Each structure stands twice: as C-alpha cells, then as structure tokens.
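Structural overview
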Amino acid sequence: MDSRGLDAEEKAQPEPTSIPVEGEAPVKPRGLLSRIRYYEELLDRKLGIESHSLDRVLPENRKPPNSLTMAFMWASATMNISCFSTGFLGKEFGLSLGQTIAITICATLLGAAVTGWCATMGPGTGLRQVAISRYSLGFYPSSIIAALNVIEQLGWASVNCITGGLALSAVSDGHVSIAVGVVIVACVSFLFSFVGLRGVLMYEQYAWILFFIIFMIIYGESAHRANLAAPATVTGLTRSGNALSLIGVIYGSSASWSSIVSDFYVHYPVNTPKIKIFLYTTLGITIPTCIGMLLGACISSALGTNPEWAAAYDNGIGEILKTIIYPGGFAKFLLVLLVLSGIGVNCIAIYSGALSAQLFAKPFAKAPRIVWSFLVFVCILLLGIAGRDHLLDVLENFLSLLGYWNTSFFVILFTEHYLFRGGSLANYDLDAWDTPSKMPVGYAGLTAFLCGAAGWIVGMVETYYVGAIAKMIGQDGGDVANELALVFTSVAYIPLRKLELKYVGR
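In this report, the structure presented in the accompanying data block is examined. (Residues numbered from 1 in each chain as written. Predicted model: local features only at pLDDT ≥ 70, side-chain atom pairs only at ≥ 80, totals over all residues. Heavy atoms only, no water.)

1. Re the overall build of the protein chain
A tally of helices and strands in the protein chain yields 22 helices and 0 strands. Looking at the protein chain as a whole, 59% of its 506 residues are labelled buried. The long-range share in the protein chain, meaning contacts at least 24 apart out of those at least 6 apart in sequence, stands at 82%. Accessible area for the protein chain stands at about 19800 Å²; split by element, carbon and sulfur atoms hold 67% of it. (Helix = DSSP H or I, 4+ residues; strand = E, 2+ residues; numbered from the N terminus. Buried < 20%, exposed > 50% of the residue type's maximum accessible area, 1.4 Å probe, protein only. Contact = heavy atoms within 4.5 Å. Areas by Shrake-Rupley, 256 points an atom, 1.4 Å probe, with all protein chains shown as cover.)

What follows is the structure, given as structure tokens:
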C-alpha cells in the first residue's frame, strides 16, 4: 500500500498508537497490542510490511505486480515435495499408473478451475476472500470460513514442513532429525510472511524456476523406470471406489486454494480481464501440481520391480529421492534446494492464515497481523513435529477434507454472484464489507453450508471414518463427499436465499 492510501486510512481511523508526522510530538503507546501495532506501523513506513492488511484496497492505491505472478506464485507453491508425495497415493489405492495419470490430470484441473473462478473476485473487489464470502454466507457465518481457513493453512504448512524435514534428514544421513528439519523450514517461511504480501510475492514469482529445473532432472533420472504395464491390484467396484477416493484427494489439493486466492490479487487493476485471471490461475496451479504428482506416480509404479527404490521408500520420501538422483553428492545438493520448495506454500499459508484469524471476528482484528502470523507459525511447528512420522496418512485425510468444504464454499459464492447479483460487481456495496447490518443475515448461507456438511459426512472416506453412502462403493468405500456437497449445497441455498431476500431483504 502506498503512502497516500496509508495516510487516508489514518485520517479516517485515527489511533493513539499512530506514528506521528514530522513536527508532532510522539504519542506513547499503551498496552502490549498497542505497542506492537505502533512498531508494525513504523516498520510499514520503513519497509512496507503491510500493517493495514485487512482494509479494502481502493483502485487508486493499488500497486499491481506483474500479471504472470498470478501463475508463477502457484507454481512456486505447488511444485514441491508434498505434491510429489501425493503422487504415491495412486499405488496405495491399488490403481495402475495409467489410471493414476488420468485421474491426476483431470482432478487437478477441476480443482484448479474452482480456485480460478474465485480468483476473479479479487481485483474487482479489492477484498480478501473471507471478506468476499460475507456477501453470500453472511457476516457472522463467514467466521466459519475464516476458522476453517486457519485450520487449512496450518495443515498445508505442517505437511510441507514434514516433507522438508524428511529431505533434510536424508541429506544429513540421519544426523539432522526430522523435527529439526521441520523447525528450519517453518522459521525461514515465517521470515518471508512477516514482511506481508510484498515479501510473499517477491519470493513466489521466481522460486518456481529452481524447482522446475530440479524436477526435470529427477524426471530424467527416473521416468524411464516407470512401469506402465503393471495392472491395478484392485478390481470391480473396489477399484471404482478407490478411484473416487483418489479423485477426492487430488481435487481437494487444488480446490483448497479457493478460500484464500483473492488475498493475493487485491492489488491488480479492477479492469483486469476475468478470463486472464481465470486462465493464469487455473493453469498456474494445474501444470506444476501435475509435474510433481505425476513424478511421484511414475516412481511409485517402479517400486515393485526395483528393490533398491522400495527399500529407500520405506525410510521416507527424502531417502528415495537421494537414491534416485545420481551421484550422491549431487543428490544431497538438490535435496537441500528442494527443502526450499516447502517455503513457497508456507509463506502463503502463514500470510493467509493470519488474515483469516483477523477476519474471524472484529475483536480479533485489533491484534496486529504480526501477532497472528507468529501464533500460526507456532501451531505449524507443533503440528509438523507431531505428524512427522505419518506423512501419507496426513495427506490422504487432510487433502480430502479440504475439498469437501471448499466445494460448498465455491457453490455458495458462485450461485450468489450469478443468480442473485446478476454476475456484476456493481450489485455489491463494496464499502460495506465490514458492516454487519449491510450484509446478508446468513440464514441461507449457513443452512446451505451445513447441508453441504451433511453430504460430506455420508460421502467421505477417511482413515477413521467412512460415510454411510461411501461404504456402498467397494470394499474400501468410495469418496463421493464432493459430489454430494455440490448437490446438497445447491439444492438448499437457492430456495433459502430467495426466501431470505423476500422476508429479510438482504
């Protein structure tokens, strides 16, 4: 945000902790939070760390990044060891390599398209994604989205800390524990997110180049070992169920960005073409995600015929990468660089997690973003250390759950925008985003979201729970939670929103 925008906001909302202009006596801050905000304001003026991160970014105050950043930032966030690890789930589900490849491409594209559409709302409104959801879900029910967002970002970041820790442990031949690796990745990520949106985008728009080169090297050393001839180890309805479950996991991986994507687009011009935003975002997620996942799928297909790789895989993702890349010294060098791949998604996670925490309720917004960033960072550390020995279980369960609620979130925003607001942002009172009395009450949004949750429950397949409908599809169950969430949310929201507008008027 430039100095003109900051001055305007300070005049509109004076605070006793504001940094005084030259010639004025300094105002001594009182209380811990006031002191933190005082120094946050000071750092914003000196370094641009974005102390007013929640405010709507007005068109005249925007400093747009390069348009290609809309694609490159997601490439840096998704071309990482976590996506590579997810590629091994096809084998875990008993599917052939050919089936896994087809599912990975289609499910990734579908989930990325959901995120791509949500991204189109950012430049037009200048609002963060949770704030945008208030216009459909309602002011207070949108707090549910904020809370789920925080949980989602904690999960994403902890998964990436685990994979980074595994890589560092492999590089050091076990001398550096996975827990220490988790701490290192989390700390570096926190430093970039501390600066704010400028720091995050500065890292994201270039980091992907390094990871792309590394993945291409790994493809060159391993892809020829892929076993396309190996058949699926499950058949019939069980194979169908497992395929549905894999679709749910991979779709959830890409759709999970939909609830935060606009957080990073608020500085783009209002007139940025929507098709450009949609395509850059969708392809920016799809292509790099598939690069990582398909590499994991190819390597996993060779485990049955390559005992050395199978033995290394039993010791962790980092060990199998170290075994595949040759020679050994070069392998360790690349693994150290790959650890940095987790930083990309962690920067996004910590930044958006802190914003969502502030948007949970008005009292929460009083705490500076720096405070919430630090709390998110601490939670990531604890989750990463606790789950470091259960990576694939975390991926299978966590990524599926992300897709469930993001599907309901997307359906409500999409339906509200086109069916009840005519597909035009002119029908949104953008200045009222933080005024509860001017937002929908939320009867329709909350009820529809809960109906969608009913669909998740009966259709989900998780390690510790399989829904009643999901149980009917094969021996292991088939995950149809996203499909049911789509239907249940749509069927509930449309009539309820009509009634809400008729009897409540907003």
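We are not done yet, so read on.
2. Points about the pattern of salt bridges
Following the criterion strictly, the structure yields 6 salt bridges and no others. Ionic pairing is found between D434 and R134, a salt bridge with its closest N-O pair at 3.0 Å. On the criterion of sequence distance, the pair formed by D434 in the loop between α20 (391-420) and α21 (443-459) and R134 in helix α8 (residues 129-137) is long-range, its members being 300 residues apart. By relative accessible area, D434 is classed as partly exposed at 28%. Judged by relative accessible area, R134 falls into the buried class, the value being 3%. We note a salt bridge from R497 to E416, for which the minimum N-O separation is 2.8 Å. With a gap of 81 residues between them, R497 in helix α22 (residues 481-503) and E416 in helix α20 connect regions that are remote in the sequence. The pair formed by R497 and E416 is uniform in burial state, with each residue classed as buried. Each of the salt bridges in this network shares a partner with another, and the network as a whole consists of E416, R421, R497 and E500. (Salt bridge = Lys/Arg side-chain N within 4 Å of Asp/Glu carboxyl O.)

3. Quick look at the side chain of N149
Among the structural elements, N149 can be located in helix α9 (residues 142-171). Those residues within four positions of N149 in sequence are excluded, and the remaining contacts are V130, S259, I260, S356 and W405.

4. So, the packing of helix α6 (residues 97-119) against helix α13 (residues 274-301)
The geometry of α6 relative to α13 is characterised by a closest axis approach of 8 Å and an angle of 155° between their N-to-C directions. By the criterion of interaxial angle, the relationship of α6 to α13 is roughly antiparallel. Helix-helix and strand crossings are classified by hand; for α6 and α13 the assignment is right-handed. Class assignment of the residues belonging to the contact of α6 with α13 gives a composition of 16 nonpolar, 10 polar and no charged. (Axes fitted to C-alpha atoms, helices over the stretch in contact; angles between N-to-C directions. Parallel < 35°, antiparallel > 145°, perpendicular 65-115°, else oblique. Left-handed = near helix turned anticlockwise from the far one by under 90°. Nonpolar A, V, L, I, M, F, W, Y, C, P; charged D, E, K, R; others polar.)

5. Notes on the environment of Y268
For Y268, the location among the structural elements is in the loop between α12 (236-255) and α13. Take Y268: its relative accessible area is 2%, and that puts it in the buried class. Between the C-alpha atoms of Y268 and M70, which are 198 residues apart in sequence, the distance is 9.8 Å.

6. Structural notes on the environment of A230
Considering the arrangement of structural elements, one finds A230 in the loop between α11 (197-222) and α12. Considered as a pair, A230 and L97 are 133 residues apart in the sequence and their alpha carbons are 7.4 Å apart.

7. Things to note about helix α15 (residues 317-324)
Burial within α15 is extensive, with 6 of its 8 residues counted as buried. Among all positions in α15, only I317, G318, I320, L321, K322 and I324 are buried.

8. Let's talk about the state of the cysteines
Inspection of every chain in the model, using the stated rule, returns 0 disulfides. Free of any disulfide, C161 has its nearest neighbouring cysteine sulfur in C187, separated by 8.9 Å. On the basis of relative accessible area, C161 is assigned to the buried category, the value being 0%. (Disulfide = S-S within 2.5 Å.)

9. Considerations on α9
For α9, which comprises 30 residues, the first-to-last C-alpha distance of 44 Å matches the rise-based estimate of 44 Å (1.5 Å per residue) to within 8%. D173, located one to two residues past α9, shows a positive phi value of around 55°. (Expected span 1.5 Å × (residues − 1).)

10. Description of unusual backbone geometry
In this chain, Y326 is followed by P327 through a cis amide linkage whose omega measures 0°. By secondary structure assignment, the location of P327 is in the loop between α15 and α16 (328-339).

11. Examining the packing of aromatic side chains
The final tally for this structure, using the stated rule, is 20 aromatic pairs. Between Y265 and Y268, the aromatic rings sit 5.7 Å apart at their centres with planes inclined by 75°, giving edge-to-face as the arrangement. The residues Y265 and Y268 share a single accessibility class, namely buried. Ring geometry for F414 and Y418: centres 4.9 Å apart, planes at 55°, overall tilted. Residue F414 and its partner Y418 are both found in helix α20; the two are separated by 4 residues, about one turn of the helix. Note on Y418: relative accessible area 42%, which makes it partly exposed. Taken together, the ring pairs connect W74, W257, F264 and Y351 into an aromatic cluster. (Phe/Tyr/Trp six-rings, centres within 6.5 Å; stacked < 30°, edge-to-face > 60°.)

12. Observations concerning the environment of M472
Looking at the element boundaries, M472 is found in the loop between α21 and α22. On the basis of relative accessible area, M472 is assigned to the exposed category, the value being 63%. The spatial distance from the C-alpha of M472 to the C-alpha of G459 is 9.8 Å, given a sequence separation of 13 residues.

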